[in-house]
Amino acid sequence: MAGDALIYTADDRNVHSVDEVVDGERLTLTLWFTRDSSYDEDAKLVALLSQISLDSQNNTCVPFPASNHMYWYSPDPASQYGVNGFDVCWARLHILGYSLYSDHDRIQNSRSNSSDPLDLLNQPMRLGRDGKVFEMKFHNNLHALQVVLFYCWKVSDLKSSKGIEEDIQTTFQQSSQEEVSDLNTVLHFDSQLVGAFFCEDRFAFDWNDFSIAIAAWEEYVHRLRKELMSRIPQWSLGNQLC
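Residues numbered from 1 in each chain as written. Predicted model: local features only at pLDDT ≥ 70, side-chain atom pairs only at ≥ 80, totals over all residues. Heavy atoms only, no water.

1. Focus on the sheet that holds strand S6 (residues 180–182)
Pairing in this open sheet of four strands is antiparallel, and the strands run S5-S4-S3-S6 from one edge to the other. In the strand order of this sheet, the two ends are held by strand S5 (132–133) and S6, each with one partner. The sheet contact formed by strand S3 (residues 99–103) and S6 spans three bridges and is antiparallel. Looking at the pairing, Asp103 lines up with Val180 of S6. (Pairing = 2+ DSSP bridges. Helix = DSSP H or I, 4+ residues; strand = E, 2+ residues; numbered from the N terminus.)

Structure, rendered in structure tokens:
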């Protein structure tokens, strides 16, 4: 219910999930509490954000993904990582109708070096949909997912601008000629398992609006970053007093 707070231990006594929102919006504030000060993330986060604010070369729009294990789901908790499951970020993109593409060379290097194919999700990639591959390279699959979810959130507010369609069509033609491959050829996630946990969510999609959404997302993230950075001094002071 709106206004309620749920507090529970984060262990196998409280395995939980939420139903997917199919209409309207869900706003969630998630907090973690611990009695062990070694797990306190405030000092680490303040230090990281302070460093970013001093580094003008850092692309602050790009999210920093956690380890692959953070996004891995398997219905069998005892199963080996990377087996009989799927990456949650990939699954969300898949159920929304998107595919992820990576350079042929990067995929071949992963195969020849016997690297974990899941590492490809933390490397540059492109989005595809309905047989088309978008030219823009996303820094990782979390970056792609954030932009896609922002587009889903704002799709009703986005207005296609006349003249963008021609540029996007050229972008598709250039991308289709490049050496890219669908990551599904190496990831082999269980699509049926994904469908059992996520509601298929397809809606009217427009590449023109999606292109506009990318610029809107970057502006939105920069604004949030500016607000966050303005509070770093107070946050640092509060952390020192604790």
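2. As for the packing of aromatic side chains
One pass over the full model with this rule turns up 15 aromatic pairs. Here Phe150 and Trp153 contribute two aromatic rings whose centre-to-centre distance is 5.8 Å and whose plane-to-plane angle is 85°, an arrangement assigned as edge-to-face. In this pair, Phe150 and Trp153 are both assigned in helix H4 (residues 141–154), three residues apart and thus about one turn of the helix distant. The partly exposed category is assigned to Trp153, whose relative accessible area is 35%. For the pair Phe205 and Phe210, a centre-to-centre distance of 5.8 Å together with 45° between the ring planes defines the contact as tilted. For Phe205, a relative accessible area of 18% translates into the label buried. Judged by relative accessible area, Phe210 falls into the buried class, the value being 0%. Across from the ring centre of Tyr98, 4.8 Å away, lies the NZ or CZ of Arg129, which sits over that ring. The ring of Trp153 carries the charged tip of Lys154 above its face, separated from the ring centre by 4.2 Å. (Phe/Tyr/Trp six-rings, centres within 6.5 Å; stacked < 30°, edge-to-face > 60°. Buried < 20%, exposed > 50% of the residue type's maximum accessible area, 1.4 Å probe, protein only. Lys NZ or Arg CZ within 6 Å of the ring centre and 35° of its normal.)

3. Describing a nonpolar patch on the surface
A contiguous nonpolar surface patch, about 430 Å² in accessible area, is contributed by Leu29, Leu31 and Phe33. Structurally, Leu29 can be placed in the segment before helix H1 (42–54). (Patch = residues over 30% accessible without salt bridge, like charges linked within 9 Å, V, L, I, M, F, W, Y side chains within 5 Å. Areas by Shrake-Rupley, 256 points an atom, 1.4 Å probe, with all protein chains shown as cover. Salt bridge = Lys/Arg side-chain N within 4 Å of Asp/Glu carboxyl O.)

4. Details of the packing of H4 against helix H8 (residues 207–230)
In contact at an axis separation of 9 Å, H4 and H8 are set at 105° when each is read in the N-to-C sense. Classified by the angle their axes make, H4 and H8 are roughly perpendicular. Residue-level inspection shows His143, Gln146, Val147, Val148, Phe150, Tyr151 and Trp153 of H4 in contact with H8, the latter providing Asp209, Phe210, Ala213, Ile214, Ala216, Trp217 and Tyr220. The residue inventory of the contact of H4 with H8, partitioned by class, reads 11 nonpolar, two polar and one charged. (Axes fitted to C-alpha atoms, helices over the stretch in contact; angles between N-to-C directions. Parallel < 35°, antiparallel > 145°, perpendicular 65-115°, else oblique. Contact = heavy atoms within 4.5 Å. Nonpolar A, V, L, I, M, F, W, Y, C, P; charged D, E, K, R; others polar.)

5. What to know about the pairing of S3
Summarising burial for S3: four of the five residues are buried, a large majority. In this structure, S3 lies alongside strand S4 (residues 126–129), joined through three bridges in antiparallel fashion. Following the sheet pairing, Ser99 is matched in S4 by Gly128.

So, to be careful, I would describe these as geometric facts and stop short of saying anything about function.
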